[in-house]
Amino acid sequence: MIELLVVIAIIAILAAMLLPALSRAKLKATQAACLNNEKQIALGFTMYADDNSDQIVPNPPVTPNGGGFWSGPVPVPFMGEPNDVAQSRTVLGLTTGNPLFKYCPNAATFHCPGDVRYKLTPGNGWAYDSYAKTQNVGGESDNNYDGAGETYSKMSSIASPSLTFTFMEQADWRGYNVGTWVVIWNVAAGRFQFNDTIALFHGNISTCAIADGHAEPHKWTDPNIIKAGQVSAAGQNGNNYMANAPSSGRDFNYVHNSYRFGPDLK
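Quick caveat: nothing in here was measured; it's all calculated off a predicted structure.

A. Region of the structure containing helix α6 (residues 250–258). Among the residues of α6, Asp251, Phe252, Tyr254, Val255 and Ser258 are the ones counted as buried. Buried residues of α6 fall within an arc of 160° about the axis and therefore sit on the same side. Where the residues of α6 are buried, they touch β2 (165–169), β3 (183–186), β4 (191–194), β5 (205–210), β6 (215–219) and α4 (223–233).

And the structure:
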C-alpha cells in the first residue's frame, strides 16, 4: 500500500509539472495557426491589389460592414438563432461577400482556432470572424478618417509596406467585427488614442497582417489592453478598458509605428 501511494504521489507530481507545459504548447500551436491565417490574409490583400489596378481592398459598399472588407452577415443580430444557423450565415457572408475569399478560399482562414465565441449563445457575445482590416488601409471616411485625414487607397502609395498594418486580430461583442480596427488620431500632435479593442485568443499575444505580405505576433504588456483583449475574447465589450490604454510605452509605440496612413506622419 505504501509503495502504491508513493507511485500515485510521483504521478501527481509529474502531472503537475507537465500540465503547464502542455497548456503553453497548446497556446503556441493556436498562435501558430492564427499567424498562418494572418499570413494568408496578408498575401490575399496584396494579390487583390495586383488584380485590381493597385487598389486596396475597399470597405463594403453596403451595410453591414464586416471587418472593413466583407459584407457581414445579413440580417443581424443573431439573437434567438441556433449556433449552427448563425455560423452558417456568417460563413456564407465570408464566402460570397468577401473579395479576399478568391485568394483565401476557406472561411476558416478568417477564424482564429483559439476564438471559441462561436460556442456562446447567439446574441450574447457570439461571433465567428476573428480579424478586421485596420483603418489606415482602405479605411472609412467617417469623422475625417477618425482624425487621420486620409487613408491609403493604393498599394503603391504605402511608403513602408514592411512596417504597415493591414489586419488586426479583433473580437467585437456585436456578433461580428463591425467595420475597420480604429485608433483616433490627433495628427497635429503626432499621437493617437486607442479606441477599438484587440483580441487575445492565445495568451497575451495577438497577430497582425502587414502590407508586404508577412504576419507577425505582438505580446501586449499594458494591463488595460490585456484586460480589454481578454474581455473581448470572452464575447463581452472590452472598449471601456481600451479607452484607458496608455499614450506612451511599448504597446503605444508598436501601434504608432505600424498604423501608417500617409506620407506626413512618419
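B. Local environment of the pattern of salt bridges. Under the counting rule described, the total for this entry stands at 5 salt bridges. A salt bridge links Asp51 to Lys102, with the shortest nitrogen-to-oxygen separation between them at 3.8 Å. Residue Asp51 is located in helix α1 (residues 2–51), and its partner Lys102 is located in the loop between α2 (83–96) and β1 (131–133); the two are separated by 51 residues in the primary sequence. For the salt bridge of Asp115 with Arg117, the shortest nitrogen-to-oxygen distance reads 2.7 Å. Arg117 matches Asp115 in its accessibility class, with the two residues each being buried.

C. Seen up close, the sheet that holds β1. The strand order β1-β2-β5-β6 describes an open sheet built from 4 strands, whose pairing is antiparallel. Looking along the sheet, the strands with just one partner apiece sit at the ends: β1 and β6. Ignoring strand direction, the axes of neighbouring strands in this sheet form an average angle of 30°. Alignment of β2 against β5, held across 3 bridges, turns out to be antiparallel. From the neighbouring strand, Phe167 faces β5, where its bridge partner is Ala209. Docked against the sheet, α6 engages β2, β5 and β6, running at close to 155° with respect to β6.

D. Structural context of the side chain of Asp129. Mapped onto the fold, Asp129 is located in the loop between α2 and β1. It is Arg117 that comes nearest to the buried, bridge-free Asp129 among opposite-charge side chains, at 5.1 Å. Separated by 3.0 Å, the side chain of Asp129 and the backbone nitrogen of Asn177 make a polar contact. Ignoring any residue separated from it by four or fewer positions in sequence, one finds Asp129 in contact with Trp70, Phe110, Asp115, Arg117, Gln170, Gly175, Tyr176 and Asn177.

E. Quick peek at the confidence of the model for the protein chain. Residues with a pLDDT of 70 or more make up 89% of the protein chain, whose mean pLDDT is 89. Of all the helices and strands in the protein chain, α1 carries the lowest mean pLDDT, 76, while β2 carries the highest, 98.

F. Spotlight on unusual backbone geometry. The phi dihedral of Asn143 is positive, around 55°, even though this residue is not glycine. With respect to the secondary-structure elements, Asn143 resides in helix α3 (residues 142–146). Taking the relative accessible area as the measure of exposure, Asn143 reaches 63% and is therefore exposed. Of note in this structure, Asp146 is not a glycine but carries a positive phi near 55°. Locating Asp146 in the fold gives a position in helix α3.

G. Expanded view of the nonpolar core. In this structure, Phe45, Ile56, Phe69, Leu100, Phe110, Ile158 and Phe167 are the most contacted members of the largest nonpolar core, which totals 34 residues. Elements with a contribution of two residues or more to this core: α1 and α2. Tallying contributions element by element places α1 first for this core, with 6 residues. Leaving out residues up to four positions away in the same chain, Phe167 has contacts with Glu38, Ile41, Phe45, Phe69, Leu100, Tyr131, Ala132, Lys133, Thr134, Cys208 and Ala209.

H. Just the side chain of Asp172, in detail. Checked against the element boundaries, Asp172 lands in the loop between β2 and β3. Judged by relative accessible area, which is 4%, Asp172 ranks as buried. One polar contact links Asp172 to Arg174, side chain to side chain, over a distance of 2.8 Å. Within polar-contact distance, the side chain of Asp172 engages the backbone nitrogen of Val178 at 3.2 Å. The residues contacting Asp172, other than those within four sequence positions of it, are Arg117, Ala127, Asn177 and Val178.

I. Expanded view of the packing of aromatic side chains. Following the criterion strictly, the structure yields 14 aromatic pairs and no others. Where Phe69 meets Phe167, the ring centres are 5.2 Å apart and the plane angle is 80°; that geometry is what we call edge-to-face. On the criterion of sequence distance, the pair formed by Phe69 in the loop between α1 and α2 and Phe167 in strand β2 is long-range, its members being 98 residues apart. The class for Phe167 is buried, based on a relative accessible area of 0%. The structure contains a cluster of three or more aromatic residues connected by ring pairs, namely Trp181, Trp185, Phe192, Phe194, Phe252, Tyr259 and Phe261.

Scoring rules and cut-offs
Residues numbered from 1 in each chain as written. Predicted model: local features only at pLDDT ≥ 70, side-chain atom pairs only at ≥ 80, totals over all residues. Heavy atoms only, no water. Buried < 20%, exposed > 50% of the residue type's maximum accessible area, 1.4 Å probe, protein only. Helix = DSSP H or I, 4+ residues; strand = E, 2+ residues; numbered from the N terminus. Arc of directions from axis to C-beta. Contact = heavy atoms within 4.5 Å. Salt bridge = Lys/Arg side-chain N within 4 Å of Asp/Glu carboxyl O. Pairing = 2+ DSSP bridges. Axes fitted to C-alpha atoms, helices over the stretch in contact; angles between N-to-C directions. Lys, Arg positive; Asp, Glu negative; His and termini not counted. Polar contact = N/O pair within 3.5 Å; in protein donor to acceptor, adjacent residues only side chain to side chain. pLDDT = per-residue confidence, 0-100. Core = buried A, V, L, I, M, F, W, Y, C linked by side-chain atoms within 4.5 Å. Phe/Tyr/Trp six-rings, centres within 6.5 Å; stacked < 30°, edge-to-face > 60°.

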